[in-house]
Each structure stands twice: as structure tokens, then as C-alpha cells.
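Each chain is listed here by its residues.
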Amino acid sequence: MNIVIPDDYQDCVRHLDAYAMLNGHNVTIYHDTLTDFEALVARFYRADALVLIRERTPITAALLERLPNLKVISQTGGGAAHVDLKACQRHGVTVMTGKGSPHAAAELTWGLVLCGMRHLPEEVENLKAGRWQQTLGTGLKGRTMGIFGLGKIGSLVARYAQAFEMNVLVWGREGTRARAMDAGLTVAESQQDLFKRADVLSLHLRLNDETRGIVTADHLACMKPTALLVNTSRAPLIASGALVSALEVGRPGRAAVDVFDSEPTCDDPLLTLPNCVATPHLGYVEKDSYELYFGDAFANVVAFSNGEPVTNLAS
């Protein structure tokens, strides 16, 4: 099969152990993300199979109309919201997904918590520039960790917070609140109560029509000026422009983000703010996660190529 793998920013896919599964196939890997439609058509035109790295390139109905050779899309991880599944069905394109792991994203979340509260990136740069102890950080013990959404990642972050002797406060849908009570965690009175009381607030929601813009400017405005907002989930959970405006007036006082409205990016206004720590969507970008994600994705392609029954179809 002609297999195309786009968006391999770090040129790491061919160095994975799992890559050997594609021996015998014609594999083309690209290390950038295209936004020009015609260029994307030309890049994918001869592909029998696409292996997609998470949500980096949307597969739209218009794009599928121009890809007559495409037979299968194998998605890394379990989500396929960026793929027009109905259009794939119309064009006879099989879409397969794999498994995911919450651990890498949860670990990065906690790294951002520590960076944001203890000013670690600034102090690293200060020391390199010959400046000694320029900031005064804030500890975690005894403070309130707010968690908006208690799924797999949120649950791990809650456990990390307990290990640091923080008080965990949870809000979310009815199922989230029930899980929190079953785990012996405190449930906030409302979403606004969560934002008002948290010293650190971390978002762990899936992005869908219901959650898009669920964090408003009013929610941010009621946060403490000493509070840290962490977002390693999806940028559009926060109303457009609201976080930049909130940080400019100091409520919350700081933010740590791993996600942006447009990715990849080097010009998001968040990157210009001194009270924002930002990383380039690294949550799942970790060796063990990649072996898991790509191992599943490559196994799916090989099974499809061999005519084996496909059970892990996207839905």
C-alpha cells in the first residue's frame, strides 16, 4: 500500500520500534502541516492509506472528494472528531482508531502546575542570564486544586494533587460529580464556585458542541489574582480571546497552557504574556505514548491490507 503519514513535526515516527510493522509498504512521511487545500490534495492524492497523528490535519468532505485512491484512514489514539466520518462512509473509506493513555498528558499537566506556581521557566532563564532568585513562588500543600472534568486524565491529576497534600475540588457533569463523591473528593457548588475557590484550576474536558466556550470571561474574572489556570485539553474550551484579556487584568494571575486555537502556532497572543507558561501541545508527545498510538495505528493498517476483519472502526 501507499501509506502517507503527515504532520510528523519531530521526524520521530520512523525511529519508533513500531515503525517496523510497515516493512514492505511504500511509506511517505511529511514533517510539516499544510493549510493550502490544493497542496494537501497533491500530497495525499496517491495515498491508499493515511495514518493521522491525532488531530493535526482535518479530513473534510471536500478533501475526500479529491482523493480517489484513499481506502483507509488509521487514526492514532481513540478520537476521530477531525475526520468527516459520514463523508468517509459515502466514499467507501474505512476509518479505524486505536487506544490512548492518560498518563503522559496528566504528567505534563502536573509539570505545568509546578512551572506556573514556582516560576520555573523564568528562573531557568534568569539563571542563564546571570540573575539570581528573581521571583517568589507559591507552594501547593494545603491549597485548593480545582479540576473541571474527572475523566481518566482528570482523575490522575486529582491523585497527584492529593500526593502534594492539596484539597481537591471538582466540577463537571452529573457523572463527574458522582465519580468525585465516590472517590471522596469535594464537589463544588457550581462552575462559578469552582473558579472562585481554586488556587490551581485544571481543565479536563472533551471538546464538543456542549463544552465549546464553556469557560467564559465571567468565570475567569471571579478567579483569585493569585490563582493559576492550566489547560492541557483544548483551547476552545475557553471563549475566544477571554484568557488573554483575563491575564492582562490579572484574574487569574497566571496561566499554563499546552493548547492553542490554531496549531501549530508561533504567534498566539498568549505567547507574548509574561504571566503565561506555554508548551507546544506536548501532552501526548512522549515515547511510550507514541509506541502505543502508532503501534495500534500501524497494526490496523496491516490488518486492513491483509484483508483481516476490522473491529476497531471509528464511530
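For the structure given in this document, a descriptive report is provided here. Predicted model only: the values in this text are computed from it and were never measured.

Criteria and thresholds
Residues numbered from 1 in each chain as written. Predicted model: local features only at pLDDT ≥ 70, side-chain atom pairs only at ≥ 80, totals over all residues. Heavy atoms only, no water. Helix = DSSP H or I, 4+ residues; strand = E, 2+ residues; numbered from the N terminus. Contact = heavy atoms within 4.5 Å. Polar contact = N/O pair within 3.5 Å; in protein donor to acceptor, adjacent residues only side chain to side chain. Expected span 1.5 Å × (residues − 1). Pairing = 2+ DSSP bridges. Axes fitted to C-alpha atoms, helices over the stretch in contact; angles between N-to-C directions. Salt bridge = Lys/Arg side-chain N within 4 Å of Asp/Glu carboxyl O. Buried < 20%, exposed > 50% of the residue type's maximum accessible area, 1.4 Å probe, protein only.

### Things to note about the environment of threonine 109
Here threonine 109 is to be found in helix H4 (residues 103-118). Sequence-wise, threonine 109 and threonine 94 are 15 residues apart; in three dimensions their C-alpha atoms are separated by 34 Å. Among residues more than four places away in sequence, those in contact with threonine 109 are Val157, Ser202, His204, Val230 and Thr232. From its side chain, threonine 109 meets the backbone oxygen of alanine 105 in a polar contact 2.8 Å long.

### Some words on H4
For H4, spanning 16 residues, the distance from its first C-alpha to its last is 23 Å, which sits close to the expected 22 Å at 1.5 Å a residue. Count one or two residues on from H4 and you reach histidine 119, which has phi positive near 55°.

### Considerations on the sheet that holds strand S1 (residues 2-5)
The sheet built from five strands is open, its strands ordered S2-S1-S3-S4-S5 with parallel pairing. The open sheet terminates on both sides in strands that have one partner only, identified here as strand S2 (26-29) and strand S5 (94-96). Strand-to-strand, the axes of this sheet are offset by a mean angle of 15°, without reference to chain direction. Two strands pair when backbone bridges link them, and S1 and strand S3 (residues 49-52) are joined in this way by two bridges, in the parallel orientation. The partner of isoleucine 3 across the bridge, within S3, is alanine 49. Sitting on the sheet, helix H11 (residues 287-305) is in contact with S1, S3, strand S4 (72-75) and S5, with an inclination near 160° to S4.

### Concerning the sheet that holds strand S8 (residues 186-187)
The parallel open sheet is built from seven strands, whose spatial order is S8-S7-S6-S9-S10-S11-S12. The open sheet has two edge strands with one neighbour each: S8 and strand S12 (276-278). Bridging between strand S10 (residues 228-231) and strand S11 (residues 254-257) involves four bridges; their strand directions are parallel. Looking across to S11, one finds that leucine 229 is bridged to alanine 255. Each of S10, S11 and S12 is contacted by helix H10 (residues 242-249), which is oriented at about 145° to S11, the strand it contacts most.

### A closer look at the pattern of salt bridges
Enumeration according to the criterion identifies 12 salt bridges in this entry. Glutamate 165 serves as the salt-bridge partner of lysine 141, at 3.8 Å between the closest nitrogen and oxygen. Residue lysine 141 is located in the loop between helix H5 (120-128) and strand S6 (144-148), and its partner glutamate 165 is located in the loop between helix H6 (152-163) and strand S7 (167-171); the two are separated by 24 residues in the primary sequence. On the basis of relative accessibility, which here comes to 60%, the residue lysine 141 falls in the exposed class. A salt bridge links glutamate 210 to arginine 173; the nearest nitrogen and oxygen atoms lie 3.8 Å apart. A residue pair is termed long-range when its members are at least 10 positions apart, and glutamate 210 in the loop between strand S9 (200-203) and helix H9 (217-221) and arginine 173 in the loop between S7 and helix H7 (174-182) qualify at 37 residues. The exposure class assigned to glutamate 210 is exposed, which follows from its relative accessible area of 53%. Owing to a relative accessible area of 60%, arginine 173 belongs among the exposed residues under this scheme.

By themselves, these observations are geometric and do not establish any function.
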